[in-house]
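Single-letter residue listing:
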Amino acid sequence: MDRTNEIKYIVMQICYIPSIICCIFSLFHFFFNRNLRLALHNHISFILLLVSLCDLLFNHPFTLVYLRVGQVIPSNDTFCLLWNFVNTIFIVSTYCSMAWGTFVRHLLIFYSSFYVSIRKLIFIHYIPICFISIFYPIAFSIIVILSYPCTNHFNMLSLFCAYTCALKVQPVALYARIAHNFLPVFIVTISTILLIQRVIKRKLNHRFNWRRYRRMCIQLIALTSLFLSLTLPITIVSIIQNCCIINFAATIQSVYLNFFVRFLTIFMPFICFSSLPEIWPKCLTVRQTRTYPVHT
């Protein structure tokens, strides 16, 4: 095993199991806690948890195998195509969900009247979430990964088999970078900065109910901090490569930055859990039960 891949394998393996446990625990309470399900500001967290769980179950095991043995297993084109298809869905869904979540948080805090009727709730909240987080990522992956008219030449010694041929076509690759990387990161960054600015300004003018919206703001800051810390470096490098220097930080990007992004769905369950104080007592109850068993 390559020394770099060995370190990556150990780090990812240490975080992997706790992440799955945290994700399942949080989703369990989402499904069975009506108040959590009905809270509009929790819906993006719910989507991110679902995507993270799917990514952890269907994507990361093969990544760990690759890091362990140094090649993609099983080593065949069908698996490579399927792996690229699934991975693209998860990546696009995560980036787009984060972008929409930071934007819609402005509506929930400053324009809550938009959600007073069921009709507005459906057209402004539920339909956009379903389209942006579910339908669009699946449609894009079907069109670009499965149906694009080109011949794939996979490399079993590269993670994700070096991606599909469609993502090597310049117009398609440029669209994917802009729509699923540059634009979401830009939206998340600007929306978060503007939200913090508006909250501080209104709070200073005593025109903001901080107690009512404190949780929404903290939840957003926690999610965006994780998202930007892992995606902003590779986004900046990609922008420089596309507009100025083609090979700028190429080695750092391929060896380290691409790997850091893999931790987005690994750390996401911990951030979502930390923003749901309703389920913290449940975790403490389970821990106390295991620590102090009842003897008869």
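That block above? That's the structure.
None of these values were measured; they are calculated from a predicted model. (Residues numbered from 1 in each chain as written. Predicted model: local features only at pLDDT ≥ 70, side-chain atom pairs only at ≥ 80, totals over all residues. Heavy atoms only, no water.)

Colleague: I keep staring at the environment of Leu194 and nothing clicks. Help me out?
Modeller: Its location among the elements puts Leu194 in helix H7 (residues 170-204). For Leu194, a relative accessible area of 39% gives the class partly exposed. Placed 187 residues apart in sequence, Leu194 and Ile7 show a C-alpha to C-alpha distance of 38 Å. (Helix = DSSP H or I, 4+ residues; strand = E, 2+ residues; numbered from the N terminus. Buried < 20%, exposed > 50% of the residue type's maximum accessible area, 1.4 Å probe, protein only.)

Colleague: In this structure, what is going on with the state of the cysteines? I would like to understand it.
Modeller: Disulfides are covalent bonds that connect the sulfur atoms of two cysteines. Enumeration according to the criterion identifies two disulfides in this entry. Each disulfide pairs two cysteine sulfurs, and for Cys80 the partner residue is Cys161, the sulfurs being separated by 2.0 Å. For the disulfide bridge between Cys80 and Cys161, the dihedral angle about the S-S bond is near -70 degrees, and by the sign convention the bridge is left-handed. Pair noted here: Cys80 is in helix H5 (residues 77-110) and Cys161 is in the loop between helix H6 (118-146) and H7, with a separation of 81 residues, a long-range link. (Disulfide = S-S within 2.5 Å.)

Colleague: Whenever I open this one, the packing of H5 against H7 confuses me. Can you help?
Modeller: For any two helices packed against each other, one specifies the crossing angle of their axes together with the interaxial distance. Across the interface, H5 lies against H7 with an axial gap of 9 Å and an inter-helix angle of 20 degrees. In terms of orientation, H5 and H7 fall into the roughly parallel class. As H5 runs across H7, the sense of the crossing is left-handed. Partitioning the contact of H5 with H7 into residue classes produces 15 nonpolar, six polar and three charged. (Axes fitted to C-alpha atoms, helices over the stretch in contact; angles between N-to-C directions. Parallel < 35°, antiparallel > 145°, perpendicular 65-115°, else oblique. Left-handed = near helix turned anticlockwise from the far one by under 90°. Nonpolar A, V, L, I, M, F, W, Y, C, P; charged D, E, K, R; others polar.)

Colleague: It is not clear to me how the packing of helix H3 (residues 43-58) against helix H4 (residues 60-69) should be interpreted in this structure. Could you clarify?
Modeller: Between H3 and H4, whose axes approach to 4 Å, the crossing angle comes to 40 degrees. Viewed along their axes, H3 and H4 adopt a mutual orientation that is oblique. Facing Asp55, Leu56, Leu57 and Phe58 of H3, the residues of H4 in contact are His60, Pro61 and Phe62. By residue class, the composition of the contact of H3 with H4 is five nonpolar, one polar and one charged. (Contact = heavy atoms within 4.5 Å.)

Colleague: Looking at this structure, how should I read a nonpolar patch on the surface?
Modeller: On the surface, Phe131, Ile134, Phe135, Ile138, Ile142, Ile143 and Leu146 cluster together into a nonpolar patch covering about 640 Å² of accessible area. Mapping Phe135 onto the fold places it in helix H6. The exposure class assigned to Phe135 is exposed, which follows from its relative accessible area of 51%. (Patch = residues over 30% accessible without salt bridge, like charges linked within 9 Å, V, L, I, M, F, W, Y side chains within 5 Å. Areas by Shrake-Rupley, 256 points an atom, 1.4 Å probe, with all protein chains shown as cover. Salt bridge = Lys/Arg side-chain N within 4 Å of Asp/Glu carboxyl O.)

Colleague: I would appreciate a short explanation of the packing of aromatic side chains in the present structure.
Modeller: How two aromatic rings sit relative to each other is set out by the distance from centre to centre and by the angle between their planes. For the structure shown, the criterion picks out 16 aromatic pairs. Summarising the aromatic geometry, the rings of Phe131 and Tyr136 are spaced 6.3 Å apart at their centres and angled 40 degrees between planes, so their arrangement reads as tilted. An aromatic cluster of three or more residues is present, and its members are Phe62, Phe79, Trp83, Phe160 and Tyr163. It is Arg198 that lies over the ring of Phe110; its NZ or CZ is 4.0 Å from the centre. (Phe/Tyr/Trp six-rings, centres within 6.5 Å; stacked < 30°, edge-to-face > 60°. Lys NZ or Arg CZ within 6 Å of the ring centre and 35° of its normal.)

Colleague: Would you mind showing me how to read the pattern of salt bridges here?
Modeller: Pairs may arise between side chains of opposite charge once their charged atoms sit close together. Within this structure, the stated rule accounts for one salt bridge. The residue Glu6 makes a salt bridge to Arg3 at a minimum N-O spacing of 3.4 Å. Note that Glu6 and Arg3 are positioned in helix H1 (residues 3-32) at a spacing of three residues, about one turn of the helix.

Colleague: Explain the side chain of Thr164 here, please?
Modeller: Positionally, Thr164 belongs in the loop between H6 and H7. On the accessibility criterion, Thr164 (0% relative accessible area) is buried. Setting aside residues up to four positions removed in sequence, Thr164 forms contacts with Leu81, Asn84, Ile145, Asn152 and Phe154.

Colleague: Quick question: what am I supposed to make of the nonpolar core here?
Modeller: Here is a general trend for soluble globular proteins: nonpolar side chains tend to be buried in one another's company. In this structure, Val72, Ile109, Phe227 and Met268 are the most contacted members of the largest nonpolar core, which totals 83 residues. Take this core: its biggest share by element is 18 residues, from H5. Excluding residues that lie within four positions of it along the chain, Val72 makes contacts with Tyr66, Phe79, Cys80, Trp83, Met156, Ser158 and Cys161. (Core = buried A, V, L, I, M, F, W, Y, C linked by side-chain atoms within 4.5 Å.)

So far we have only geometry, and geometry alone does not tell us how the molecule works.
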